[in-house]
Amino acid sequence: MSPNTLAEIERTVGPEGAYIAIIEGTNIGWVETPIGPDDFKRMVWDVIGESDLAVISVDVVDAELLAAVLEIIYIYVRKAAIASPRIADIALHLPSSIPKPAIALEVEKPPPPGFELASLEDEILSRLGEYVVLQDPENFLNIARRMWLWRRSTPRKTAIVLTTPEPLEAGAEALEEAIANWTAEIGATIYRIRMSGHYYQHELWKILEAVKPKKLIPIHTKAPQAMLSIFNKYRG
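Residues numbered from 1 in each chain as written. Predicted model: local features only at pLDDT ≥ 70, side-chain atom pairs only at ≥ 80, totals over all residues. Heavy atoms only, no water.

Colleague: Teacher, can you tell me more about the sheet that holds strand E6 (residues 131-135) here?
Modeller: Across a sheet, paired strands are connected by hydrogen bonds in the backbone, their directions being either parallel or antiparallel. In space, the seven strands of this open sheet follow the order E5-E4-E3-E6-E2-E7-E8, with parallel pairing throughout. Two strands lie at the open edges of the sheet, namely strand E5 (117-118) and strand E8 (189-193), each paired on one side alone. Two strands pair when backbone bridges link them, and strand E4 (residues 102-104) and E5 are joined in this way by two bridges, in the parallel orientation. Its bridge partner lying in E5, Ile-103 is registered against Leu-117. (Pairing = 2+ DSSP bridges. Helix = DSSP H or I, 4+ residues; strand = E, 2+ residues; numbered from the N terminus.)

Encoded structure:
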């Protein structure tokens, strides 16, 4: 949370503060710590730069994250190739300012107008350091099986990035464990990154100091009692 945002909050509530503050706590109470959009971009940038081949999984309902990942890829002067039919569908709704990625031939569906085809087997895996592959988690193992059938080994420096916008459900955790087991077999490095636009846990103190509430109502959190305990410490 930027100092400008906190300063704006303080100006809005005034020197006396608010009587009641309704504060969301999406990231409060989780053992794992998410990273913000800026940190996410820096980390993905580093992974792409150090890899012969980077494969990034994107949830099929997260068009905003897809757009952000594509912007990072293009800044690094890499080409993007979508190897998921469902991500190919949401790519239709990308902003016109973002160049259209290629669609992997193995997706086995006609590319939308304006999108080029690129063969995962014959082109993408042969031109190391040129492409970043975009995949969805559920289709990930399908492509892995295809590579096994092709008898193709993965490039020496292969990185798998699993993006997780919000905490995982049990089914998604099992799927990611299966992907992690596969990457261990092929000698790839794997990163699990949970990006969140919500404030970090330690920033709750800054928010309380800016709002100066006399009462707190936690919402959108799995740990309302933790928020109230922090609030009681703040109140002294």
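Colleague: Help me understand the environment of Ile-160 in this model?
Modeller: Along the polypeptide, Ile-160 turns up in strand E7 (residues 158-163). Of the residues examined, Ile-160 reaches a relative accessible area of 1% and is grouped as buried. Spatially, the C-alpha atom of Ile-160 lies 14 Å from that of Ala-81, the residues being 79 residues apart in sequence. Sequence-distant contacts of Ile-160, that is, excluding residues within four places in its chain, are made with Val-55, Phe-140, Trp-182, Thr-183, Ala-188, Thr-189, Ile-190 and Tyr-191. (Buried < 20%, exposed > 50% of the residue type's maximum accessible area, 1.4 Å probe, protein only. Contact = heavy atoms within 4.5 Å.)

Colleague: Help me out: how do you make sense of the packing of helix H2 (residues 37-49) against helix H3 (residues 63-75) in this one?
Modeller: Relative orientation and spacing of two packed helices are given, respectively, by the angle between their axes and the distance between those axes. Following both chains from N to C, one finds H2 and H3 inclined at 50°, their axes separated by 10 Å at the closest point. The angle between H2 and H3 falls in the class oblique. Note on packing geometry: the crossing formed by H2 with H3 is right-handed. For the pair H2 and H3, the contacting residues are Phe-40, Lys-41, Val-44, Trp-45 and Ile-48 in the first and Leu-65, Val-69, Ile-72, Ile-73 and Ile-75 in the second. For the contact of H2 with H3, the residue count by class is nine nonpolar, no polar and one charged. (Axes fitted to C-alpha atoms, helices over the stretch in contact; angles between N-to-C directions. Parallel < 35°, antiparallel > 145°, perpendicular 65-115°, else oblique. Left-handed = near helix turned anticlockwise from the far one by under 90°. Nonpolar A, V, L, I, M, F, W, Y, C, P; charged D, E, K, R; others polar.)

Colleague: I tried to follow the environment of Ser-57 on my own but got confused; where do I start?
Modeller: Position of Ser-57 among the secondary structure elements: in strand E2 (residues 53-57). Here the alpha-carbon distance between Ser-57 and Asp-136, two residues 79 residues apart in the chain, equals 4.8 Å. Once residues lying within four places of it in the same chain are set aside, the contact partners of Ser-57 are Gln-135, Pro-137, Phe-140, Val-161, Leu-162 and Thr-163.

Colleague: What am I meant to see in the side chain of Ser-196 here?
Modeller: Secondary-structure assignment places Ser-196 in the loop between E8 and helix H7 (203-211). Relative accessible area serves as the criterion here: at 3%, Ser-196 is assigned to the buried category. A distance of 3.1 Å separates polar atoms of two side chains, one belonging to Ser-196 and the other to Asn-27. (Polar contact = N/O pair within 3.5 Å; in protein donor to acceptor, adjacent residues only side chain to side chain.)

Colleague: For this particular structure, what's the right way to read the nonpolar core?
Modeller: Taken as a class, soluble globular proteins show a tendency for nonpolar side chains to be buried jointly. Core analysis: the biggest nonpolar cluster contains 57 residues, and Phe-40, Ile-56, Leu-66, Leu-70, Ile-73, Ile-124 and Leu-134 have the highest contact counts within it. In this view, Leu-66 contacts Val-58, Ile-87, Ile-90, Ala-91, Leu-94 and Leu-134; residues no more than four positions away in its chain are not counted. Formed by 13 residues, the second largest nonpolar core is a distinct cluster that contains Ala-18, Ile-207, Leu-208 and Met-227. (Core = buried A, V, L, I, M, F, W, Y, C linked by side-chain atoms within 4.5 Å.)

Colleague: Got a minute to help me understand the side chain of Thr-163 in this structure?
Modeller: Examined against the element boundaries, Thr-163 turns out to sit in strand E7. Taking relative accessible area as the criterion, Thr-163 reaches 6% and is therefore assigned buried. A distance of 2.5 Å separates a polar side-chain atom of Thr-163 from the backbone oxygen of Ser-57.

Colleague: What is the right way to read the packing of aromatic side chains from this model?
Modeller: For any two aromatic rings, the description comes down to two numbers: the centre-to-centre distance and the angle of the planes. Scanning the model with the defined rule gives four aromatic pairs in all. On the basis of an interplanar angle of 35° and a centroid distance of 6.3 Å, the ring pair of Phe-231 and Tyr-234 is categorised as tilted. Residue Phe-231 and its partner Tyr-234 are both found in helix H8 (residues 224-235); the two are separated by three residues, about one turn of the helix. For Phe-231, a relative accessible area of 6% gives the class buried. (Phe/Tyr/Trp six-rings, centres within 6.5 Å; stacked < 30°, edge-to-face > 60°.)

Colleague: So what exactly am I meant to see when it comes to empty space enclosed by the protein here?
Modeller: If you roll a probe as big as a water molecule over the atoms, it shows you where there is empty space left. All told, the structure shown has one cavity of 30 Å³ or more when counted by the stated rule. For the largest cavity, the calculated volume is near 130 Å³. Val-55, Phe-140, Ile-143, Met-147 and Trp-182 are, among the 15 residues lining the largest cavity, the residues nearest its centre. The set of elements that each furnish at least two residues to the lining of the largest cavity consists of E2, E6, helix H5 (137-150), E7 and helix H6 (170-186). The residue makeup of the lining of the largest cavity, split by class, is twelve nonpolar, three polar and no charged. (1 Å grid on protein atoms, 1.4 Å probe; cavity = no way out; pocket = protein on both sides within 12 Å on 5 of 7 lines; lining within 4 Å. Points joined across faces, edges and corners; volume = space filled by probe spheres on them.)

Coordinates in, geometry out; function isn't part of it.
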